[in-house]
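Observations on the three-dimensional arrangement
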Amino acid sequence: MLMVGLKNTILISLLAILIGLFVGLITCFLGRSRFVVPRAIAAAYVWCIRGTPMIVQAFLVFFAFPQVIQMFVSGFKIDPFTAGLITLSLNAGAYMSEIFRGGIAAVSIGQIEAARSLGLSQMRTMLKIVLPQAFKICIPSLVNQFIITVKDSSILSVIGLADIVNQAKVYVGSTYQFFPTYITVAAYYLVMISVLMVISKLIEKKLNYEKK
Amino acid sequence: MTKKVKVTGLCKSFGDNEVLKGIDLEIDEGEVVCLIGPSGSGKSTFLRCLNRLEQSTAGVIEVDGFAISDKKQNINKMRESIGMVFQQFNLFSNKTVLGNIMFAPVELKKLTKAQAKEKATQLLARVGLSDKANAYPHELSGGQQQRVAIARALAMSPDIMLFDEPTSALDPEMVGEVLNVMKELAREGMTMVVVTHEMGFARDVADRVIFMSDGVIVEQGTPEEIFTAPEQQRTKDFLSRILNKE
């Protein structure tokens, strides 16, 4: 029973991290646009996500918005996993866009000027010089965000996602085995996050061309 | 001789701060021009306008007859033949020495990877750093980094080289190795515009020395004229300050 929950927790966290990375990168680029509208969209998105608790966002996605959509599309329903994935991805994406923004800003202007002076376009300079360096700068903060995303997935139990916390709650409801159950749950989280940390250390080590 | 660079009425302002106040200048092919002058006189800004790292506010800059100051000009194409060397070297920190030199020719499809590698190896030999091909920039001294930066610019086979205070960030004992590479380049006939505080270099290598102050060209002439018989008071003051320090 816990294993089903564990599987759901891992699945939704991994998917949310991947989608979040994508959304975060897009948002970061929108935020750097020359035009006002994309910048405003990016800023509004980050503002809304950072300005509200995730539990409220989950309720909005699972209960509130479907109610509005039902007025137009009768019988519209959303399952807890989809709603949870949307919530968690949007949440991760907003924070990751800020991490990317900081990483790009931290790449020195000299690197950009050197590439431009050789005749590279702005786009190529971004892709080949800035992003690889920014990515390296971002890794510790990104991993931190991955960890938060894994743990925040537990909040989604409030909309009925069958994650490990929800499964544990159901289990202790009938067995009253609080101690062994929750210790096991905690241990699973520790293992998941340790794996993330080990992977990130390996990447950091591989990319550590500059020991500064 | 053909005019390599032709600058007419160049002005540049940063907000309310007028840095260049109308510069007129022509540079011949193969000429080595050294720009000297006090800090804040606009030397570096002028140099950066020549490859449009700074967009000029007014005036026309022509390189090889093409108006580089024109916003419609394909700036990336033009920059391929204008090499630039920076005060802070600006080597790509995530690439090896070889990677730095090969990067632009390969990326811009001027050379195949094999050709670029061969060329990079030759250039490294020329700047005396063959043994550092696989080192990363942070493993090199300042002087070595700057020599790699020159090789990186040369890899695009530019026909004009801009140097923005190339030795100002170096420890004194490393200045010589960089200047030697530049002297070599000048001897081979490269058109060079050098912003420098190295008066010895200007005297030995330059065909023409230009003294700038407060955003204008105050005086220009052969090194002989400028260093031994400057006409303007501002030039005299500057030179006496600099040369006494040396």
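Just so it is clear, the model here is predicted, and its values are computed rather than measured. (Residues numbered from 1 in each chain as written. Chains lettered and ligands numbered in written order. Predicted model: local features only at pLDDT ≥ 70, side-chain atom pairs only at ≥ 80, totals over all residues. Heavy atoms only, no water.)

1. Section: the overall build of chain B
Rule in force here: Comment: elements are numbered from the N terminus, with helices defined as DSSP H or I runs of at least four residues and strands as E runs of at least two. The globule rule used here is 2.2 Å times the number of residues to the 0.38 power, and the radius of gyration it is set against is calculated over C-alpha atoms. Every residue pair with non-hydrogen atoms within 4.5 Å of one another is taken to be in contact. All accessible areas in this document rest on Shrake-Rupley with a 1.4 Å probe, and a residue is counted as covered only by the protein chains that are shown. Two residue types count as positive, namely Lys and Arg, and two as negative, namely Asp and Glu; His and chain ends fall outside the count. Taken as the charge centre is NZ of Lys, CZ of Arg, CG of Asp or CD of Glu, depending on the residue.
Per the secondary structure count, chain B includes nine helices and ten strands. Here the C-alpha radius of gyration of chain B, 18 Å, is about what a compact globule of 246 residues would show, namely 18 Å. With the C-alpha coordinates aligned to their principal axes, the bounding extent of chain B is approximately 55 × 45 × 35 Å. Expressed as a percentage of contacts within chain B between residues at least 6 apart in sequence, the contacts between residues at least 24 apart total 65%. When the accessible surface of chain B is split by element, carbon and sulfur atoms take 45% of a total near 10500 Å². Where the 30 positive side-chain charges of chain B centre and where its 34 negative ones centre are 6 Å apart.

2. Some details on the overall build of chain A
Threshold: Using a 1.4 Å probe on the protein chains alone, a residue whose accessible area is under 20% of its type maximum counts as buried, one over 50% counts as exposed, and one in between counts as partly exposed.
Assigned secondary structure in chain A consists of eight helices and zero strands. Moving toward the C terminus, one meets the helices and strands of chain A in the order α-α-α-α-α-α-α-α. Projected onto its principal axes, the C-alpha coordinates of chain A cover approximately 70 × 50 × 20 Å. Buried residues in chain A amount to 43% of all 212 residues. A sequence separation of at least 24 residues applies to 76% of the contacts in chain A between residues at least 6 apart. Counting only carbon and sulfur atoms, one obtains 72% of the accessible surface of chain A, whose full area is about 11700 Å². In chain A, 18 positive and 7 negative side-chain charges are present, and the distance between their average locations comes to 6 Å.

3. Re the interface of chain A and chain B
What counts is decided by this rule: The buried area of a pairing is the accessible area, by a 1.4 Å probe, that goes missing from both parts when the two are put together, added over both. We define a salt bridge as a contact between a side-chain nitrogen of Lys or Arg and a carboxyl oxygen of Asp or Glu at a distance within 4 Å.
At the interface, 19 residues of chain A touch 24 residues of chain B. Carbon and sulfur atoms make up 56% of the surface buried where chain A meets chain B, a total of about 2000 Å² over both sides. At the boundary of chain A and chain B, one finds three salt bridges. A salt bridge links Glu-113 of chain A to Arg-48 of chain B; the shortest N-O distance between them is 2.5 Å.

4. As for the sheet that holds strand S5 (residues 66–67) of chain B
Residue and element names in this part refer to chain B. We count it as follows: Here a strand pair is declared whenever DSSP counts at least two bridges between the two strands.
Across the sheet, which stays open at both edges, the four strands sit in the order S2-S1-S4-S5 with antiparallel pairing between neighbours. The open sheet has two free edges, formed respectively by strand S2 (17–28) and S5, since each of these has just one partner strand. Sheet analysis places strand S4 (residues 58–63) next to S5, joined by two bridges and oriented antiparallel. Note that in S5 the partner of Val-63 across the bridge is Phe-66.

5. Examining the pairing of S2 of chain B
All names here are of chain B. Across nine bridges, strand S1 (residues 3–14) lies against S2 in antiparallel orientation. In the strand pairing of S2, Val-5 is matched with Ile-27. In textbook terms, the turn of a hairpin is the stretch between consecutive antiparallel strands, and for S1 and S2 this stretch comprises two residues, one of which, Gly-15, has a positive phi near 65°.

6. Quick notes on the sheet that holds strand S6 (residues 82–85) of chain B
All names here are of chain B. For clarity, the threshold we go by: Axis lines are fitted to C-alpha atoms, over the contacting stretch for helices. Their N-to-C directions set the angle, which ranges from 0 to 180 degrees.
Taken together, the six strands give an open sheet; going across it, the order is S6-S7-S8-S3-S9-S10, and neighbouring strands pair in mixed fashion. The strands lining the two open edges of the sheet, one partner per strand, are S6 and strand S10 (216–221). Along the sheet, successive strands turn relative to each other by an average axial angle of 20°, direction set aside. Strands in contact with helix H6 (residues 172–187) are strand S3 (32–36), strand S7 (160–164) and strand S8 (191–195); relative to S8, the strand with the most contacts, it is inclined by about 145°.

7. Things to note about unusual backbone geometry
Residues and elements named next belong to chain B. Positioned with a positive phi, Arg-52 is a non-glycine residue whose angle comes to about 60°. Here Arg-52 shows up in the loop between helix H1 (43–50) and S4. The class for Arg-52 is buried, based on a relative accessible area of 15%. One non-glycine residue, Phe-89, adopts positive backbone phi at about 65°. Along the chain, Phe-89 falls in the loop between S6 and helix H3 (97–107). On the basis of relative accessibility, which here comes to 9%, the residue Phe-89 falls in the buried class.

8. Focus on the packing of helix H5 (residues 109–117) of chain A against helix H6 (residues 122–152) of chain A
All names here are of chain A. Worth spelling out the cut-off: Note on convention: near helix rotated counterclockwise from far helix by under a right angle means a left-handed crossing. Clockwise means right-handed. All residues other than Ala, Val, Leu, Ile, Met, Phe, Trp, Tyr, Cys, Pro, Asp, Glu, Lys and Arg, Gly among them, are scored as polar; the first ten of these are nonpolar and the last four charged.
Interaxial distance between H5 and H6 falls to 10 Å at its minimum, and their mutual angle equals 145°. In this structure, H5 meets H6 at a crossing whose hand is right-handed. Contacts from Gln-111, Ile-112, Ala-115 and Arg-116 of H5 reach H6 at Gln-122, Thr-125, Ile-129, Val-130 and Gln-133. Of the residues assigned to the contact of H5 with H6, the class counts are four nonpolar, four polar and one charged.

9. Examining the side chain of Asp-163 of chain A
Residue and element names in this part refer to chain A. Quick note on the threshold: Counted as a polar contact is a pair of N or O atoms within 3.5 Å, where, for protein atoms, one must be capable of donating a hydrogen and the other of accepting one, and residues adjacent in sequence contribute only when both atoms are in side chains.
You can see Asp-163 is positioned in the loop between H6 and helix H7 (164–175). No salt bridge forms around the buried Asp-163; measuring N to O, its nearest opposite-charge neighbour Lys-169 is 7.6 Å away. A polar atom in the side chain of Asp-163 sits 3.0 Å from the backbone nitrogen of Asn-166. The contacts of Asp-163, once residues within four sequence positions are left out, are Gly-5, Asn-8, Thr-9, Ser-153, Ser-154, Ser-157 and Tyr-189.

10. As for the side chain of Glu-165 of chain B
Residue and element names in this part refer to chain B. Summarising the element assignment, Glu-165 is placed in the loop between S7 and H6. It is Lys-43 that comes nearest to the buried, bridge-free Glu-165 among opposite-charge side chains, at 4.4 Å. In this structure the side chain of Glu-165 is engaged in a polar contact, spanning 2.8 Å, whose partner is the side chain of Ser-168. Apart from residues no more than four positions distant in its own chain, Glu-165 is found in contact with Lys-43, Ser-44, Gln-87, Val-195 and His-197.

11. Re the environment of Thr-181 of chain A
Residues and elements named next belong to chain A. As for its position among the elements, Thr-181 is in helix H8 (residues 178–207). Residues Thr-181 and Trp-47, 134 residues apart in the sequence, show an inter-C-alpha distance of 38 Å. Ignoring anything within four residues of it in the chain, the contact list for Thr-181 reads Ala-168, Tyr-171 and Val-172. Looking at Thr-181, its side chain comes within polar contact range of the main-chain oxygen of Gln-177, at 2.5 Å.

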